[in-house]
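Given next are the chains, with one letter for each unit.
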Amino acid sequence: MSTESHTIDTLLEESRTYPPSDEFTSQANVKDATIYAHAAKDPIAFWEEQARHLSWSQPWSQALDESEAPFFKWFLGGKLNACYNCLDRHVEAGLGSRTAVICEYEPGDHRTYTYDDALAEVCRIANALKALGVQKGDRVCVYMPMTAELCFTMLACARIGAAHSVVFGGFSPDSIAERVNDAGAKVIVTADGGWRRGKVVELKRMVDEALALGCPTIERVLVLERLGNSAKYNGGTWVEGRDVSWTQLVNAQSEDCPCEPMDSEDLLFILYTSGSTGKPKGIMHTTGGYLTGVNATSRWVFDLKPTDIYWCTADCGWVTGHSYIVYGPMSNAATLLVYEGSPDFPDKDRFWRIIEKHRATILYTAPTAIRTFMKWGTHYPEQCDLSSLRLLGSVGEPINPEAWVWYHKFIGGRNCPIVDTWWQTETGNIMISPLPGLTTAKPGSATRPMPGISAAIMSEEGETLAEVSGHVEKPESSIGGILAVNKPWPGMLRGIWGDPERYINTYWSRFKGKYFPGDGVKLDEDGFLFLLGRVDDIMLVAGHNISTMEVESALVDHPAVAEAAVIGKTHEIKGQGICAFVTIKSEFEVTDTLIGDLKHHVGTKIGPIARPDDIILTAELPKTRSGKIMRRLLRDIAEGRELGDTTTLGDPSVVAALRDKYENTEG
Ligand code: ATP
Ligand code: MG
């Protein structure tokens, strides 16, 4: 047992593999494996080829400027407009009658927009924003329900050169005010309300409360009447001169609004991270490089075709909604399905009913959702016709192998490739993922870097343990360590809004000349990459670095377990002991022997070193509003500390209940 090398021990083995079917490969957008070698030969030239898939009003003169590294710039001198690339050019190409968005509302009604309709609506919103004084370079805060108008408002901002800062519609007034003030937004676009689990979410009232806390830069509030005919609806206070009705203003605008030609490096948006690890950061993305990255990866990873009905279940409050609802798919003229509400309204089969109703072909969702569906039971999907699906995706957290296999079997009917996509708000686009027509998948593995991306596995000391690119090279034995990205890529963040120092310190100080995402990784013996969760979450047990993800996956492998969150807790002898918080599937009865069985199960799956010291059964785990497990709060509970930043916590009562339970169990 060595305490010197803190490189992550990789313990859990996965041997099941799933090659793509010949049928899928023959029709895939990417079926030629030479794409990896071609990209690796000259990555900058390769990204230039990808940028040519977009429409530029002026070509770039320099592909990459590294002179102020790590403040990299892409496609210098180029001019384009992101909204033009998502709408106008499709209409000009004769695709105006293609369906752009099918918006399913929680109460069960839906509305369809063609690309013609979307362009007209976006122009009206853009003209309305101009009428409210929004100019090129301003920031607009968007706090709306997940309906088509949210996507259109983002595009309207892009059209006139204003940066949007979308704040998820579940955030509290404090969080809105903090983000509005940090970004210095001039206008907020909101709605009288939205539907969530059969109840009205009073968005306008939240905005009123946020403004009452003090948001000096806000001049006007544009209010979509999602629920009523009157914007004065729903508990809010209507402030004449500040608040403006969407019906009155937007609907009265002209459908003609020219696109502002933007420099490639002009700000497209600011987006705050989900806050799994601490206080959210205002991540900045610019126009040309970001759009190049999301346009290319949407085509490759989701294999988008004109016949697809593509459904990404994320909210536009998160980066997934920006990159893989709005900018990536729409710049590819895809047909999107957008859903306003909750997966359990009116019943726990809502997602499957939506797929059946609209014949969705691609589903992109998160492990937290998949584990929840596992907890609810298979009879919900089994009662629906899911035969339209042809591809499944996962994002947001490591997907435990058992959840992957469940997704493959019960949702994909064993017929759909799964793309486990690793990326971040900061990376802008997918960085590590299978290409569905080429890559053999392994449950729990995001497989390998995208074409044009080269990664490395680093030791704690900053030594390169392995280089990883799209070429699979089998290592002699599995290698665990810390993920790094070797070179700049077009879709990368351009910084943290208002805090250049934090940008350098957070991402560029750990490994010289490399981007540090903060995640642990292992390359298994077959050359598959497994993302192991946050470096901060890795446990050091008796001299071994053990990833929380591996212990969680061993627990989820037990038939009774739906979900598990594992943390390291101070232990007198071992340094850290393993503490697991476990949620049991609804159909399982909790017996006296269950906890012993679970410990034993982990011991046999991984080895005695990974056997949890404590297991606490809980109905819910603390998660961010985007559904990620917040291990840092569990660590605070286990160590009896005051809780860290809780503003991004989805349901504060979960933590309070857990703290009580933990203290009682500890006795
Ligand atoms: P913050 O940075 O504020 O703590 P966050 O990192 O949760 O928040 P996001 O940018 O939404 O905010 O999430 C990116 C992170 O999500 C990644 O760093 C990684 O830890 C995790 N992640 C995303 N996709 C995957 C995946 N496919 N497999 C494993 N982990 C993933
Ligand atoms: Mg992060």
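Numbering of residues begins from 1 in every chain and follows the order in which that chain's sequence is written. Whichever chain is written first becomes A and whichever ligand is written first becomes 1, with later ones labelled in order. Reporting of local features is limited, given that this is a predicted model, to residues whose pLDDT is at least 70; pairs of side-chain atoms are given and counted only at 80 or more, and all residues count toward the totals for whole chains, interfaces and linings. As a convention, hydrogens and water are excluded, and side-chain values are obtained from all of the structure's heavy atoms.

**Observations concerning unusual backbone geometry**
Part 1 of the reasoning: That bond from A69 to P70 is cis: its omega, 5°, falls within 30 degrees of zero.
Part 2 of the reasoning: Its location among the elements puts P70 in the loop between β1 (62-65) and β2 (73-76).
Part 3 of the reasoning: Here the bond from F345 into P346 is cis, since omega is -5°, no more than 30 degrees from zero.
Part 4 of the reasoning: Structurally, P346 can be placed in the loop between β17 (335-339) and α12 (350-358).
Part 5 of the reasoning: Here R197, not a glycine, exhibits a phi torsion of approximately 55°, which is positive.
Part 6 of the reasoning: Positive phi is not limited to glycine here, since A542 has a value of about 45°.
Part 7 of the reasoning: Relative to the helices and strands, A542 is located in the loop between β27 (539-541) and β28 (544-546).
Part 8 of the reasoning: Overall, A542 belongs to the partly exposed group, its relative accessible area being 22%. Strands are runs of DSSP state E lasting at least two residues, helices are runs of H or I lasting at least four, and both sets are numbered from the N terminus onward. A 1.4 Å probe rolled over the protein chains alone gives each residue an accessible area, and that area as a share of the maximum for its type sets the label: buried under 20%, exposed over 50%, partly exposed in between.

**A word on the site of ligand 1**
Part 1 of the reasoning: Around ligand 1, the structure places 20 residues, and the nearest of them are T273, S276, T277, T425 and D519.
Part 2 of the reasoning: The definition of a polar contact used here is a pair of N or O atoms within 3.5 Å, where within protein one atom must be able to donate a hydrogen and the other to accept one, and adjacent residues in sequence count solely through side-chain atom pairs. T277 has a polar side-chain atom sitting 2.5 Å from an oxygen atom of ligand 1.
Part 3 of the reasoning: For ligand 1, a nitrogen atom lies 2.8 Å from a polar atom in the side chain of D420.
Part 4 of the reasoning: Protein contact buries 95% of the 640 Å² of open area that ligand 1 shows by itself.
Part 5 of the reasoning: All residues other than Ala, Val, Leu, Ile, Met, Phe, Trp, Tyr, Cys, Pro, Asp, Glu, Lys and Arg, Gly among them, are scored as polar; the first ten of these are nonpolar and the last four charged. A breakdown of the residues in the shell around ligand 1 according to their chemical character gives four nonpolar, nine polar and seven charged. Any residue with a heavy atom lying within 4 Å of a molecule or strand is counted as near it. Where accessible areas are quoted, they stem from the Shrake-Rupley method and a 1.4 Å probe; at the residue level, only the protein chains shown are allowed to cover.

**A look at the sheet that holds strand β12 (residues 243-245)**
Part 1 of the reasoning: Within the open sheet, the eight strands sit side by side as β12-β11-β8-β6-β7-β14-β15-β24. Their pairing is mixed. In this open sheet, the two edge strands, each paired with only one partner strand, are β12 and β24 (495-496).
Part 2 of the reasoning: Relative to β24, strand β15 (residues 282-286) is paired through two bridges, and the arrangement is antiparallel. Its bridge partner lying in β24, I283 is registered against I496.
Part 3 of the reasoning: We call two residues in contact whenever any of their non-hydrogen atoms come within 4.5 Å of each other. Between N-to-C directions, angles cover 0 to 180 degrees, with each direction set by a line fitted to C-alpha atoms, over the stretch in contact for helices. Packing against the sheet, helix α6 (residues 148-160) makes contact with β6 (139-142), β7 (163-166), β8 (187-191), β11 (220-224) and β14 (267-272), and its axis sits at approximately 150° to β7.
Part 4 of the reasoning: Contacting β8, β11 and β12, helix α8 (residues 203-212) runs over the sheet at an angle of about 150° to β8. For two strands to be treated as a pair, DSSP must find no fewer than two bridges joining them.

**With respect to the state of the cysteines**
Part 1 of the reasoning: Put simply, a disulfide is two cysteine sulfurs that come within 2.5 Å. For the structure on display, the rule yields zero disulfides.
Part 2 of the reasoning: We note that C86 lacks a disulfide partner, and the nearest cysteine sulfur, in C83, lies 6.9 Å from it.
Part 3 of the reasoning: The cysteine C384 is free of any disulfide, with C416 supplying the nearest cysteine sulfur at 15 Å.
Part 4 of the reasoning: Assessed through its relative accessible area of 10%, C384 is described here as buried.

**Comments concerning the sheet that holds strand β5 (residues 110-114)**
The pairing of strands in a sheet happens through backbone hydrogen bonds and is either parallel or antiparallel.
Part 1 of the reasoning: Read from one edge to the other, the open sheet built from seven strands follows the order β5-β4-β17-β16-β18-β19-β20, with strand pairing classed as mixed. The strands lining the two open edges of the sheet, one partner per strand, are β5 and β20 (418-420). Neighbour-to-neighbour, the strand axes of the sheet open up by a mean angle of 15°, direction not taken into account.
Part 2 of the reasoning: Running at roughly 160° to strand β16 (residues 309-312), helix α11 (residues 319-331) makes contact with β4 (99-104), β16, β17 and β18 (362-365) of the sheet.

**Points about the pairing of strand β25 (residues 519-523)**
Part 1 of the reasoning: Counting buried positions along β25 yields five of five residues, so the element is predominantly enclosed.
Part 2 of the reasoning: Side chains of β25 alternate between two faces, with D519, V521 and L523 and G520 and K522 buried alike.
Part 3 of the reasoning: Relative to β25, strand β23 (residues 479-485) runs antiparallel, the two being bridged by four bridges. Paired with G480 across the bridge in β25 is K522.

**Notes on the domain arrangement of the chain**
It is common to give the size of an interface as the accessible area that goes away when the parts come together.
Part 1 of the reasoning: The source of the domain bounds is an automatic or database domain assignment. The domain boundaries assigned to the chain delineate domain 1 (17-81 + 291-538) and domain 2 (558-666).
Part 2 of the reasoning: Spacing between the C-alpha centres of domain 1 and domain 2 amounts to 28 Å.
Part 3 of the reasoning: Each side of the interface is counted separately: domain 1 has 12 residues, and domain 2 has 18 residues.
Part 4 of the reasoning: Throughout, buried area stands for the accessible area (probe radius 1.4 Å) lost by two parts on being put together, summed over both. Buried area between domain 1 and domain 2, both sides added, is near 1200 Å², and the carbon and sulfur share of it is 42%.
Part 5 of the reasoning: For this document, the term salt bridge refers to a Lys or Arg side-chain nitrogen within 4 Å of an Asp or Glu carboxyl oxygen. D537 is paired through a salt bridge with R631; the nearest N and O atoms lie 3.5 Å apart.
Part 6 of the reasoning: The tally of links between domain 1 and domain 2 comes to eight residue pairs in polar contact (both at pLDDT 80 or more).
Part 7 of the reasoning: Classifying every residue of the side of domain 1 that touches domain 2 gives four nonpolar, two polar and six charged.

**Notes on the packing of helix α2 (residues 34-41) against helix α3 (residues 43-51)**
Part 1 of the reasoning: One way to put it is that α2 packs onto α3 with a least axis distance of 5 Å and a crossing angle of 115°. Contacts between α2 and α3 pair I35, H38, A39, A40 and K41 from the former with P43, F46 and E49 from the latter.
Part 2 of the reasoning: Residues of the contact of α2 with α3, tallied by class, amount to five nonpolar, one polar and two charged.

**Digging into the side chain of R124**
Part 1 of the reasoning: In this structure, R124 sits in helix α5 (residues 115-131).
Part 2 of the reasoning: With residues near it in sequence (within four places) discarded, R124 still touches V250, N251, Q253, S254 and E255.

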